[in-house]
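Observations on the three-dimensional arrangement
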There are 2 protein chains.
Amino acid sequence: MSGYLTYESSGVNIEANDEMVERIKGSVGSTFGPRVMDLHGGFAGLFSLEDSEKFAKNYKNPVLVSCTDGVGTKVLLAKDMGRFDTVGQDLVAMSVNDMIVLGAEPLFFLDYLAADKLKPEKVAVLVEGIASACREAGCSLIGGETAEMPGIYAKDDFDMAGFAVGVVEKDRIVKGQSAEPGDVIIGLSSSGVHSNGYSLVRNICFNKARLTLDSRIDSLGAKKLGDVLLEPTKLYVKPVLAVLEELAAVSEVKAMAHITGGGLAGNIPRVLPENSKAVIERNSWDKPDIFPFLQKTGPVEESEMYRVFNMGIGFVMVLSPQKADRAVEILSENGEKAWKIGNIREGSREVVIK
Amino acid sequence: MSGYLTYESSGVNIEANDEMVERIKGSVGSTFGPRVMDLHGGFAGLFSLEDSEKFAKNYKNPVLVSCTDGVGTKVLLAKDMGRFDTVGQDLVAMSVNDMIVLGAEPLFFLDYLAADKLKPEKVAVLVEGIASACREAGCSLIGGETAEMPGIYAKDDFDMAGFAVGVVEKDRIVKGQSAEPGDVIIGLSSSGVHSNGYSLVRNICFNKARLTLDSRIDSLGAKKLGDVLLEPTKLYVKPVLAVLEELAAVSEVKAMAHITGGGLAGNIPRVLPENSKAVIERNSWDKPDIFPFLQKTGPVEESEMYRVFNMGIGFVMVLSPQKADRAVEILSENGEKAWKIGNIREGSREVVIK
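Because the structure is a prediction, the values reported are computed rather than measured. (Residues numbered from 1 in each chain as written. Chains lettered and ligands numbered in written order. Predicted model: local features only at pLDDT ≥ 70, side-chain atom pairs only at ≥ 80, totals over all residues. Heavy atoms only, no water.)

All right, on to helix α5 (residues 198-208) of chain A then. Residues and elements named next belong to chain A. Within the sequence span of α5, burial applies to Tyr198, Leu200, Val201, Asn203, Ile204, Cys205 and Phe206. If you follow the buried residues of α5, they end up packed against α2 (74-81), α6 (225-230), α9 (290-297) and α10 (302-308). Looking one or two residues past α5, arginine 210 carries a phi angle of roughly 55 degrees, positive in sign. (Buried < 20%, exposed > 50% of the residue type's maximum accessible area, 1.4 Å probe, protein only. Helix = DSSP H or I, 4+ residues; strand = E, 2+ residues; numbered from the N terminus. Contact = heavy atoms within 4.5 Å.)

The next point concerns the environment of aspartate 116 of chain A. Residue and element names in this part refer to chain A. For aspartate 116, the position within the fold is in the loop between β4 (105-115) and α4 (120-137). For the pair aspartate 116 and aspartate 156, spaced 40 residues apart in sequence, the C-alpha separation works out to 6.4 Å. For aspartate 116, the residues in contact, after removing those within four places along its chain, are Glu148, Met149, Pro150, Tyr153, Ala154, Lys155, Asp156 and Asp157. A polar atom in the side chain of aspartate 116 sits 3.1 Å from the backbone nitrogen of aspartate 156. (Polar contact = N/O pair within 3.5 Å; in protein donor to acceptor, adjacent residues only side chain to side chain.)

The subject of this paragraph is the relation of the copies chain A and chain B. Turning chain A through 180 degrees and shifting it by 0.0 Å along the axis lays it on chain B, with an RMSD of 0.0 Å. Classification of the inter-copy transformation places it as that of a two-fold axis. The overlap is high: 100% of the interface residues of chain A also sit at the interface in chain B, so the same surface is used on both sides. (Least-squares fit on C-alpha atoms with pLDDT ≥ 70 in both.)

Attention now goes to the state of the cysteines. A full pass over the atoms with the stated rule returns zero disulfides over all chains. Not part of a disulfide, cysteine 67 of chain A finds its nearest cysteine sulfur in cysteine 139 of chain A, a span of 11 Å. (Disulfide = S-S within 2.5 Å.)

Turning our eyes to something else, we now look at the UniProt feature "domain: PurM-like N-terminal" (unreviewed entry) in chain A. The UniProt feature table records "domain: PurM-like N-terminal" (unreviewed entry) at residues 63-168 of chain A. Split by type, residues 63-168 of chain A is 38% helix and 37% strand. Its first and last C-alpha atoms lie 5 Å apart. (UniProt positions renumbered as here; feature names shortened; annotations may be inferred.)

Taken together, the contact pairs 80 residues of chain A with 81 residues of chain B. Taken together, both faces of the contact between chain A and chain B bury some 6600 Å²; the carbon and sulfur share is 66%. The three residues of chain A that bury the most area against chain B are Leu5, Phe43 and Ile152 of chain A, which together make up 13% of that side's buried surface. Counting across the interface, chain A meets chain B through two salt bridges. With a shortest N-O distance of 3.3 Å, lysine 170 of chain B and glutamate 50 of chain A are connected by a salt bridge. Ranked by the residues each element gives to the side of chain A that touches chain B, the list is headed by strand β3 (residues 62-70) of chain A, at nine residues. In terms of residue class, the side of chain A that touches chain B is built from 41 nonpolar, 23 polar and 16 charged. (Buried area = accessible area lost by both parts, 1.4 Å probe. Salt bridge = Lys/Arg side-chain N within 4 Å of Asp/Glu carboxyl O. Nonpolar A, V, L, I, M, F, W, Y, C, P; charged D, E, K, R; others polar.)

This part takes up the pairing of strand β3 (residues 62-70) of chain B. Extensive coverage of β3 of chain B is indicated by the burial of nine of its nine residues. Here β3 of chain B shows two buried faces, one formed by Pro62, Leu64, Ser66, Thr68 and Gly70 of chain B and the other by Val63, Val65, Cys67 and Asp69 of chain B. Alignment of strand β2 (residues 45-48) of chain A against β3 of chain B, held across four bridges, turns out to be antiparallel. Residue pairing in the sheet places serine 48 of chain A in a bridge with valine 63 of chain B of β3 of chain B. (Pairing = 2+ DSSP bridges.)

Turning to the pattern of salt bridges, a few remarks are in order. Tallying each qualifying case throughout the model produces 52 salt bridges over all chains. Where arginine 326 of chain B meets glutamate 246 of chain B, a salt bridge forms, and the shortest distance between an N and an O atom there is 2.8 Å. Of the two residues, arginine 326 of chain B is situated in helix α11 (residues 321-333) and glutamate 246 of chain B in helix α7 (residues 237-247); the sequence distance between them amounts to 80 residues. When its relative accessible area of 38% is taken as the criterion, glutamate 246 of chain B is described as partly exposed. Several salt bridges converge on common partners, so that one network encompasses Lys79, Asp80, Asp157 and Arg202 of chain A.

Next up, the structure:
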């Protein structure tokens, strides 16, 4: 052994990186649509917006819509469960569900994964989760970065960030400013906690109630608590774009909101015009069992539950009363459970939960 | 005190988040160009690609070019130095320098910041660093996410990821495939280690040589070692776009590479056509003092230095011999030190450093 220092002897494993790239190639390639351009070099991902008859769909006055998000402390649950196939969908959903609020269609996605050590088999499962969600959302996974940083992340810890870019025709942006008293609020079902409120979830389940990830709770069915909590965030792209396809051109979709941190009360006002409020009927939809369980186990006050969690509604759309039933129908045809959960009334940009 | 659990009592500080948003507003707004659309709601950033005479520049067959990167363990140096004004530029530079390799012009940028606790004043300094680099690179900071994750990041630790989108006209993409024997390789000066190789740097300086961040080294001048190592990655956008402006339309810029992990030897072959190699004259440029210092202190073999570090060349451009002098001149007019450092010859996609 010489006295010389090398990069490899300083802890950087170049072979593991090559193996990882090899393993994720198939997942990544499976997401490519016709506008992805494949260039050697790999410095960047390329996506053509060229207006050409060779593409089924073109854009006249394209506005790019871009979002970034992580999945918060849900990555800790994934690590503790040793289960990495679900959080990729959370990552994609957090960004693309934000994007469709404006009426945009997702085009492409990039991910950033950082960990203490990059284990190729773990990264492959995470990336296939991301790729699978990209396929469902109709967007291409055209880039990503993996970073090995043992000084920052503790053993087996990791974090991930996602970036999505979409497009909407300028005259079809859903701005939310045309919602008016009498309009109907449609709620789309969530799959559970999605990706927000996990600090409170952890406090309730593990700190206060001393449950474990392996606990089985009668009211939650046969699944382990950890698996119930890892249930991935729903992707609303397909059903929402189907509604927009039919109704956005005639401006019948007035406003939309992705229900994340802050719940219905925190997210709906973001897209309401002045002088209006949202009145929500709390008994108008089916709530996933996890919410009554968390509320009772805490205990957590009902109002706090609505301020922190989605309470079973992951996305809302506001439509004129003439079009609301048709929208629910289209959503249902596209596999999405949806209910009319309230109305817009005169008020001061608040949400009243009755 | 009631027995009820709340989000706030579970460790989530909503006020700190509001203060942070307030503090970064000015930095973020200062980056906006005329194509940024300001919509209430904040679910996403909007960037218009509309073809309109109201914009100074329009795009006929736009190809979007997208990159993501972090700054690796350089964030640890920033934390240890308690200095957060420089790594924002590293973050922006890592992505936009990759993008211009294809001839693309940066349009917008988004950032992801995650930490144990979000300290508004620290985030404000980090974001102003990002915003300042975005202004220099001519791109708009249209979105970002900050995540507070005490379970993942240890006290005062943080990580960041950046995401850039740019555009290039389809017929002006610099593909690298037209480089041919006789073409000249121009090297653009780096400011130091940039954002790659810090695992080896830390091993040399702190593990082997037992130096500290506060050490002052004669050959490195008056600065503390920590400040020399934190020197931000150079932004090559302005000088490179100036060369492209004059020479790309006539396809005189044959290939480009951003010199990151892997050094000259690892990055130049990524953009070379088959049957060609790059021959680099190692004494043709001035090397920043940090490299001889690291090499001697390690010690590190010269060949390993060239495999890990940029060795003073952060970006290369390949041009015909007829245009190389003019390119150096344009770079110099735009404040960039550049040298003719080698040639393309017949060979098998390798880099020979003579």
